[in-house]
Amino acid sequence: MTTVAARTAELKASHLDRIRRSTDRLFLWLTIVEYVAGVFVAYILSPRTYSGTESAIHPHVLIAIVLGAVITAPIVYATVFWPGQYRTRCIVAVCHMLMSALLIHISGGRIETHFHVFGTLAFLSFYRDWRILIWATVVVAADHLVRGIYIPESVYGVIANAEWRFVEHAGWVAFEDVILIASCIRGVSEVQAIAQQQAELEATNEGVEAIVKERTEELRESELQKTTVFENALDGIVTANSEGRIIEINPAAERIFGVSRHHVLGIPLQNIFCPGQSQEFVETSLQAHASSGRGHLVNQNVELLAVSETGTPIPIEVSVMCVPVKGCPLYTAFVRDISERKKLEEQLAHTNKMESLGQLAPGVAHEINTPNQYIGDNVRFVEESFGSLVELTNEYRRTLAESRLSEANAKRIKELEESADLDFMLEQIPPALTQALEGVERVGSIIRAMKEFAHPGVESFTMVDLNRVIESTVMVARNEWKYVANVELDLDPSLPSIQGNPGELSQVILNLVVNSAQAIEQKFKDSEKGSILIATRADSTHVTITVSDNGCGIPDKIRNNVFDPFFTTKGVGVGTGQGLAITRNAVDRHAGEITLASKANAGATFVIRLPIGPPEKVQCA
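The structure displayed is predicted, hence computed values, not measured ones.

A closer look at the overall build of the protein chain
A count of helices and strands for the protein chain gives 16 helices and 14 strands. With 621 residues in all, the protein chain has 35% of them scored as buried. A separation of at least 24 residues holds for 62% of the contacts in the protein chain among residues at least 6 apart in sequence. Put simply, the protein chain shows about 36600 Å² of open surface, and 58% of that area lies on carbon and sulfur atoms.

Section: the side chain of Thr-31
With respect to the secondary-structure elements, Thr-31 resides in helix 1 (residues 2–45). Under the relative-accessibility criterion, Thr-31 is labelled buried at 1%. Once residues within four sequence positions are removed from consideration, Thr-31 is found in contact with Thr-72, Ile-75 and His-96.

Some points on the pairing of strand 4 (residues 246–249)
Relative to strand 4, strand 3 (residues 236–240) runs antiparallel, the two being bridged by three bridges. Bridge pairing in strand 4 places Thr-239 opposite Glu-248. Two successive antiparallel strands, strand 3 and strand 4, enclose a turn made up of five residues, where Gly-244 displays a positive phi of approximately 80°.

Examining unusual backbone geometry
Residue Arg-128 is not a glycine yet carries a positive backbone phi of 60°. Of note, Arg-128 is situated in the loop between helix 4 (111–124) and helix 5 (131–150). If you check the backbone angles, Ala-591 has positive phi at about 60° while not being a glycine. Within the element layout of this structure, Ala-591 appears in the loop between helix 16 (579–589) and strand 13 (593–598). Relative accessible area serves as the criterion here: at 26%, Ala-591 is assigned to the partly exposed category.

Brief notes about the sheet that holds strand 6 (residues 313–325)
Spatial strand order, 4-3-7-6-5: five strands in an open sheet with antiparallel pairing. With partners counted over all chains shown, the strands left at the sheet margins are strand 4 and strand 5 (301–307), one partner each. Going from strand to strand, the sheet's axes swing by 30° on average, the running direction of each strand aside. Across seven bridges, the pairing between strand 5 and strand 6 is antiparallel. When the bridges of strand 6 are listed, Glu-303 appears paired with Glu-317.

Remarks on the nonpolar core
Among the nonpolar cores identified, the biggest contains 40 residues, and Leu-466, Ile-545, Phe-606, Ile-608 and Leu-610 are the most heavily contacted of them. Within the residue set of this core, elements represented by two or more residues are helix 13 (466–476), helix 15 (502–524), strand 11 (530–538), strand 12 (542–549), helix 16, strand 13 and strand 14 (604–611). Per-element tally for this core: the top contributor is helix 15, with 10 residues. Residues in contact with Leu-610, not counting those within four places in the same chain, are Leu-466, Ile-498, Leu-505, Thr-541, His-542, Val-543, Ile-545, Val-587, His-590 and Gly-592.

Concerning the environment of Asn-501
Tracing the backbone shows Asn-501 in the loop between strand 10 (498–500) and helix 15. C-alpha separation for the pair Asn-501 and Ala-586, spaced 85 residues apart in sequence, amounts to 9.1 Å.

So, the pairing of strand 3
A large share of strand 3 lies buried, amounting to five of its five residues. Residues Gly-236, Val-238 and Ala-240 of strand 3 are buried on one face, and the alternating residues Ile-237 and Thr-239, pointing to the opposite face, are buried as well. Both strand 3 and strand 7 (residues 328–337) contribute to a ladder of five bridges, which runs antiparallel. Bridging across to strand 7, Ala-240 finds its partner in Tyr-331.

With respect to the sheet that holds strand 13
Taken in spatial order, the five strands of this open sheet run 9-11-12-14-13, and their pairing is mixed. On the outer flanks of this sheet lie strand 9 (485–490) and strand 13, each paired with one strand and no other. Between one strand axis and the next, the sheet turns through 15° on average, direction left out of account. Pairing of strand 11 with strand 12 involves seven bridges; the strand directions are antiparallel. The residue of strand 12 that forms the bridge with Ala-538 is Val-543. Of the strands in this sheet, strand 9, strand 11, strand 12 and strand 14 touch helix 15, which is tilted by about 150° from strand 11.

A closer look at a nonpolar patch on the surface
Residues Leu-62, Ile-63, Ile-65, Val-66, Leu-67 and Val-70 make up a contiguous nonpolar surface patch of roughly 480 Å² in combined accessible area. Considering the arrangement of structural elements, one finds Val-66 in helix 2 (residues 59–81).

What to know about the packing of aromatic side chains
The full count for this structure, using the stated rule, is eight aromatic pairs. Plain terms: the ring middles of Tyr-77 and Phe-81 are 4.7 Å apart, the flat faces sit at 40° to each other, and that makes the pair tilted. With Tyr-77 and Phe-81 both in helix 2, this residue pair falls four residues apart, about one helical turn. Each residue in the set Phe-27, Phe-123, Phe-126 and Tyr-127 is aromatic and connected to the rest through ring pairs, giving one cluster. When the ring centre of Trp-82 is taken as origin, the NZ or CZ atom of Arg-87, which lies over that ring, is 3.9 Å away.

Observations regarding helix 13
For helix 13, every residue scored as buried is listed here: Leu-466, Asn-467, Val-469, Ile-470, Ser-472, Thr-473 and Val-474. Its side-chain oxygen 3.2 Å from the backbone nitrogen of Asn-467, Asp-465 forms the N-cap of helix 13.

Things to note about the packing of helix 2 against helix 3 (residues 86–106)
Each pair of packed helices can be described by the angle between their axes along with the distance between the axes. The contact between helix 2 and helix 3 brings their axes to 9 Å, and the two run at 165°. Here helix 2 is positioned roughly antiparallel relative to helix 3, judged by the angle of their axes. Crossing handedness for the pair helix 2 and helix 3: left-handed. Taken together, the residues of helix 3 that come into contact with helix 2 (itself represented by His-60, Ile-63, Ala-64, Leu-67, Gly-68, Ile-71, Thr-72, Pro-74, Ile-75, Ala-78 and Thr-79) are Thr-88, Ile-91, Val-92, Cys-95, His-96, Leu-98, Met-99, Leu-102, His-105 and Ile-106. Among the residues making up the contact of helix 2 with helix 3, the classes are represented as 14 nonpolar, seven polar and no charged.

Some words on the pattern of salt bridges
In the structure shown here, the tally under the stated rule is 15 salt bridges. Among the salt bridges present, the one from Glu-248 reaches Arg-261, with a minimum N-O distance of 2.7 Å. Of this pair, Glu-248 sits in strand 4 while Arg-261 is found in helix 8 (residues 261–264), placing the two residues 13 residues apart along the sequence. Take Glu-248: its relative accessible area is 25%, and that puts it in the partly exposed class. The network of salt bridges with common partners includes Arg-7, Glu-10 and Glu-202.

The rules behind each value
- Residues numbered from 1 in each chain as written.
- Predicted model: local features only at pLDDT ≥ 70, side-chain atom pairs only at ≥ 80, totals over all residues.
- Heavy atoms only, no water.
- Helix = DSSP H or I, 4+ residues; strand = E, 2+ residues; numbered from the N terminus.
- Buried < 20%, exposed > 50% of the residue type's maximum accessible area, 1.4 Å probe, protein only.
- Contact = heavy atoms within 4.5 Å.
- Areas by Shrake-Rupley, 256 points an atom, 1.4 Å probe, with all protein chains shown as cover.
- Pairing = 2+ DSSP bridges.
- Axes fitted to C-alpha atoms, helices over the stretch in contact; angles between N-to-C directions.
- Core = buried A, V, L, I, M, F, W, Y, C linked by side-chain atoms within 4.5 Å.
- Patch = residues over 30% accessible without salt bridge, like charges linked within 9 Å, V, L, I, M, F, W, Y side chains within 5 Å.
- Salt bridge = Lys/Arg side-chain N within 4 Å of Asp/Glu carboxyl O.
- Phe/Tyr/Trp six-rings, centres within 6.5 Å; stacked < 30°, edge-to-face > 60°.
- Lys NZ or Arg CZ within 6 Å of the ring centre and 35° of its normal.
- Polar contact = N/O pair within 3.5 Å; in protein donor to acceptor, adjacent residues only side chain to side chain.
- Parallel < 35°, antiparallel > 145°, perpendicular 65-115°, else oblique.
- Left-handed = near helix turned anticlockwise from the far one by under 90°.
- Nonpolar A, V, L, I, M, F, W, Y, C, P; charged D, E, K, R; others polar.

Structural data, given as structure tokens:
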């Protein structure tokens, strides 16, 4: 309220100031016109008088010129240099009343000229200031009183008996004053009302503007937040209109679909999906929702395919939300790239499969070991017994040659030997039995390696024979390398045992062997076999394991990244990017270090150094 009252007073003062300045300008020109008119009237109404051959202008003309200038000058000065001020209004009121007195004097007190007083009072009321009417009235009354006493003919047009006529004239002036004062008061009240209305309107507008500004700021912040979320969301967001045409797409969706925003605006939503089943599914779902309000894609999570920037199909998860806007549906699709999730699912499935195989392997190895043992025992029995049979057969032959059998019996025995191919069997069965025993022993070593490799690791460290771990691991991983490389072992027979986790160390060797086999396969493409060399050495404090290959090698620009989790240069389904990360973690747990020396197309060499004594830095799992 205080603000409105102050603004009302300010507006009232400003409005009155404009009115009074305008009235000042009016009186400025009016005074100048009256001055010129007064001189002209004095010249017309006061003819020249002649005295012999000389003539002179009537004194009234000089009075009009001089006294009119004296009266006009203060008005001009005040209205030019003090516009709108109270003193200017007082000067205007007093001087204009004096101008009226001058005109009445010039006209010889004509009654018509007296109306100039009433007209001037009316003009003075334009100021909306009743106080200056009092000043004007006092001047008029004083002028009529003084001139009525001393020169009544200049004001009333009579020579005598005019001392009290000023009362009559003052009465009429006072009567007009009452009306004009009421008009001034009413005019000021109207200005007050207008100012108050304008102040209240401005206050209301300010309030509305403040609310609008506040709401606009809130809306701007809200829009900024929404835009920030939209632009920086990790998931893709695509908005389509009721016709299924794209009207907005965020940067994440551009990356997922391999498109740019200005190229896809206005095209059908299904066109950014992988051609085939994904496009058909999206198109059918949107059509079904538009016709019946139901669609398999709306309000559900669906796995589809998109096409990356390289043209490779990538799995995505899509959920479409439909929001009616002004009676028309607006579709917003939320898209998530699930390539990594699919890889992890594949890894998990593979891990579960390998875990199941690992759990199954000891049992299978145990079951195989039993028949392998009696097969070996029986083969050894046959091998040992066959020597006696050979001696017996040779003795039979010698006895047969010395004895005198009938020709028919000798022929019959000869035919039986030839039919049985006895010489061939005597020559081939011994090496065949030897090879069979070697195969049984090979199966036995594989079974033992499977048992050792599949044996669950222990949380505490034990003494580990690294040579034996390497031999078992290479045997188990034979299927990974036998078709692409030859593995050579250069193991130091005097290598001391170290404290460690045999399961983790087996995993380290397995990862490096598999990695080398894949690098060799990538380089030679089955054209020839590569080579893998595994060597062990020892010094006074550490043992060293070196795994070298002549595969494709590792370029310098990615050499520092090979131990990072999920980093791989192999194709989809070949590598998971976890092998070397697991290897490094296991080596770190053994307080060791692993280094890499490699060049592109020149193979790679991994060197592992492990302490012989207890690894103080190790934190057991």
